[in-house]
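A look at the structure
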Amino acid sequence: MSQGQTPKPSSAPASESAGAEPPNEDSIREELTRVLASHEFRSSKRSQDFLRYVVENTLSGHGDMLKERTIGIDVFGRSTSYDPSDDATVRVKAGEVRKRLGLYYSDQGTQDPLRIELPSGTYVPEFRLMHRQGAEAAAPVVPAAPSASARMPVVTPRRAVAAGAALVAVAALIWTLTRPSSTVLDEFWAPVLKGSAPVFVCAAFVPVWNLDREPGAKGPPGPEDYVALADQFVGGGDLIAASRLTSMLTRLRRPYRLKVGNDVSFADLRSGPAILVGYSYTRWQEISSQMRYFIDGVRRPIGILDNGKPTAWALPNLPRDRRTTEDYAIVSRLFHPDTHAMLVELAGITQYGTDAAGDLVTNPDLMAEALHGATGWQSKNLQLVLHVKVISGAPTSPQVVARYFW
């Protein structure tokens, strides 16, 4: 079943078996409250909103309305012209909610009387009663004490070897079934995280002009009243991207060093893998300008060049305050000939694009979608050109408009 399709709605929520009495609405809402209050969901308001919306609509008998487009408009504030084929936000969030539910019920929710599940391929949740009454009421079985004449089993060397081999086989099977499978995101980062050298996570400064006038000064401010603050501020989107990256590296138990602005030297880039965040307009733009896709901040309109030539990936109506409704960004991963080390660069025309690029390279679902159908890229240099819509000051899930491997 493809995403967005819903099974034929029934008159009652799904339960553990066809003959079982379905859970009532009060118990389902109590379970929803427990789930939303768990640490798996407290950290993500969007996941809370998504799960609350699909559960309440199902309980209200509107399960047949739980389509991707409807959820995108009602939950994520998309416009009525929203096209799910251009924006994977709902699909990605559904996958994230499934994972959070799985984590909750494998730990904190193991003893809950019922479970809320979101089957793959649908946005209609199911509610499953967990029947434990029989197991709790069953009297423990007490084995009879062996008689004095009972013989103890004789463990021969052959039996010991066989038992040991069986244990090894069982352990190997458990490891095979439980070990985490490699994801597209793992493959993207594998060349960068090879070895043990710390990863440099480098966030660029954003130049800011500060109005500094004497108290009581009259008249409009002149150029002399503005002071350049070139090394004190980092863009909000750049900061979010750097935070996502350091969280990912911490989760992977990979050592890293966070560098900001001019604190990054060429020697740093040569000493190990580096991730440059938002460096399109800094002294390191010479590094990315050697690549096929490059953000050109000099020409107007500001946009992405393809081998030095302007493209349609530009922002002709970019306002001076850079509050835009769309953005473009580039994700690059390569072994750089100048630094002789692996380099990843995330850069948007504005901070929104950098934010979205940081989301892409730390989200398994987004990365899988970005490289879907691509082959042979794992061991090559690559660049991804992203387009992102900006709604109420927040970027949506990025869409890949171009890929290049070499």
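Looking now at the overall build of the protein. A count of helical and extended segments in the protein gives 13 helices and 15 strands. Per-residue burial for the protein yields a buried fraction of 42% across its 406 residues. When contacts within the protein are restricted to residue pairs at least 6 apart in sequence, those whose partners lie at least 24 apart make up 63%. Total accessible area on the protein stands at roughly 22600 Å², and carbon and sulfur atoms take up 55% of it.

With that out of the way, let us pick up the packing of helix H3 (residues 45-59) against helix H5 (residues 89-105). Contact geometry of H3 with H5 gives a least axis separation of 10 Å together with a crossing angle of 90°. When the axes of H3 and H5 are compared, the pair comes out roughly perpendicular. Judged by residue contacts, Arg46, Ser47, Phe50 and Leu51 of H3 engage Thr89, Val90, Lys93, Ala94, Glu96, Val97, Arg100 and Leu101 from H5. In the contact of H3 with H5, the residues fall into six nonpolar, two polar and four charged.

Spatial strand order, S8-S9-S10: three strands in an open sheet with antiparallel pairing. Where the open sheet ends on each side, the last strands, each with one partner, are strand S8 (293-296) and strand S10 (309-315). Pairs of neighbouring strands in the sheet enclose a mean axial angle of 30°, with direction left out of account. Bridge count between S8 and strand S9 (residues 302-306): four bridges; the pairing is antiparallel. Paired with Phe294 across the strands is Leu305, a residue of S9.

Tallied over the entire structure, the rule returns two cavities of 30 Å³ or more. The space that makes up the second largest cavity amounts to roughly 40 Å³. Lining the second largest cavity are Asp86, Asp87, His387, Lys389, Thr396, Ser397 and Gln399. The residue makeup of the lining of the second largest cavity, split by class, is no nonpolar, four polar and three charged.

Right, let's talk about the side chain of Thr396 for a bit. Position of Thr396 relative to the elements: it lies in the loop between strand S14 (394-395) and strand S15 (399-405). Accessibility expressed as a relative area gives 6% for Thr396, which makes it buried. Excluding anything up to four places from it in sequence, Thr396 contacts Arg78, Asp87, Thr89, Ala356, Val388, Lys389 and Ile391.

Turning next to the pattern of salt bridges. The full count for this structure, using the stated rule, is 16 salt bridges. Close ionic contact of Glu369 with Arg91 constitutes a salt bridge, the shortest N to O distance being 3.4 Å. Of this pair, Glu369 sits in helix H13 (residues 364-370) while Arg91 is found in helix H5, placing the two residues 278 residues apart along the sequence. Of the residues examined, Glu369 reaches a relative accessible area of 35% and is grouped as partly exposed.

On to a nonpolar patch on the surface. A grouping of Trp209, Leu211 and Tyr226 is seen on the molecular surface, where their side chains present a nonpolar patch of about 350 Å² in accessible area. Classification of Trp209 as exposed rests on a relative accessible area of 60%.

Quick look at the confidence of the model for the protein now. Where the model shows low pLDDT, its predicted coordinates should not be examined in detail. With 79% of its residues at a pLDDT of 70 or more, the protein shows a mean pLDDT of 81. Scored below 50 in pLDDT, residues 1-18 shows 43 contacts in the model against residues more than four places distant or in partner chains.

Turning our attention to helix H8 (residues 184-193). For H8, the set of buried residues is Leu185, Phe188, Trp189, Val192 and Leu193. Relative to the axis of H8, the buried residues are bounded by an arc of 120° and lie together on one face. Once H8 finishes, Gly195 follows within two positions and takes phi at roughly 90°, a positive value.

Position of Leu211 relative to the elements: it lies in strand S4 (residues 208-211). For Leu211, a relative accessible area of 44% gives the class partly exposed. Each C-alpha atom, one on Leu211 and one on Gly222, is 9.5 Å from the other, the two residues being eleven residues apart in sequence. Not counting residues within four places of it along the chain, the set of residues in contact with Leu211 comprises Pro221, Asp225 and Tyr226.

This part takes up the nonpolar core. Among the nonpolar cores identified, the biggest contains 33 residues, and Trp189, Leu245 and Val331 are the most heavily contacted of them. Once residues lying within four places of it in the same chain are set aside, the contact partners of Val331 are Phe188, Glu345, Leu346, Ala357, Leu360, Val361, Leu382, Gln383, Leu384 and Leu386. Ranked by size, the runner-up nonpolar core spans 29 residues in total, among them Val55, Leu66, Val97 and Tyr105.

This part is about the packing of aromatic side chains. Under the definition given, this model contains six aromatic pairs. Aromatic pair Tyr104 and Tyr105: ring centres 4.9 Å apart, planes at 70°, arrangement edge-to-face. Note on Tyr404 and Trp406: the rings are 5.0 Å apart at their centroids and 20° apart in plane angle, and the pair reads as stacked. By relative accessible area, Trp406 is classed as partly exposed at 35%.

What follows deals with the layout of surface pockets. Estimates place the volume of the largest pocket at around 1300 Å³. In terms of lining, the largest pocket is formed by 37 residues, of which the most central are Arg251, Asp359, Thr362, Asn363 and Pro364. Elements that contribute at least two residues to the lining of the largest pocket include exactly H3, H5, H8, helix H9 (236-251), helix H12 (351-360), H13 and S14. Residues that form the lining of the largest pocket fall into these classes: 14 nonpolar, ten polar and 13 charged.

Rules and cut-offs
Residues numbered from 1 in each chain as written. Predicted model: local features only at pLDDT ≥ 70, side-chain atom pairs only at ≥ 80, totals over all residues. Heavy atoms only, no water. Helix = DSSP H or I, 4+ residues; strand = E, 2+ residues; numbered from the N terminus. Buried < 20%, exposed > 50% of the residue type's maximum accessible area, 1.4 Å probe, protein only. Contact = heavy atoms within 4.5 Å. Areas by Shrake-Rupley, 256 points an atom, 1.4 Å probe, with all protein chains shown as cover. Axes fitted to C-alpha atoms, helices over the stretch in contact; angles between N-to-C directions. Parallel < 35°, antiparallel > 145°, perpendicular 65-115°, else oblique. Nonpolar A, V, L, I, M, F, W, Y, C, P; charged D, E, K, R; others polar. Pairing = 2+ DSSP bridges. 1 Å grid on protein atoms, 1.4 Å probe; cavity = no way out; pocket = protein on both sides within 12 Å on 5 of 7 lines; lining within 4 Å. Points joined across faces, edges and corners; volume = space filled by probe spheres on them. Salt bridge = Lys/Arg side-chain N within 4 Å of Asp/Glu carboxyl O. Patch = residues over 30% accessible without salt bridge, like charges linked within 9 Å, V, L, I, M, F, W, Y side chains within 5 Å. pLDDT = per-residue confidence, 0-100. Arc of directions from axis to C-beta. Core = buried A, V, L, I, M, F, W, Y, C linked by side-chain atoms within 4.5 Å. Phe/Tyr/Trp six-rings, centres within 6.5 Å; stacked < 30°, edge-to-face > 60°.

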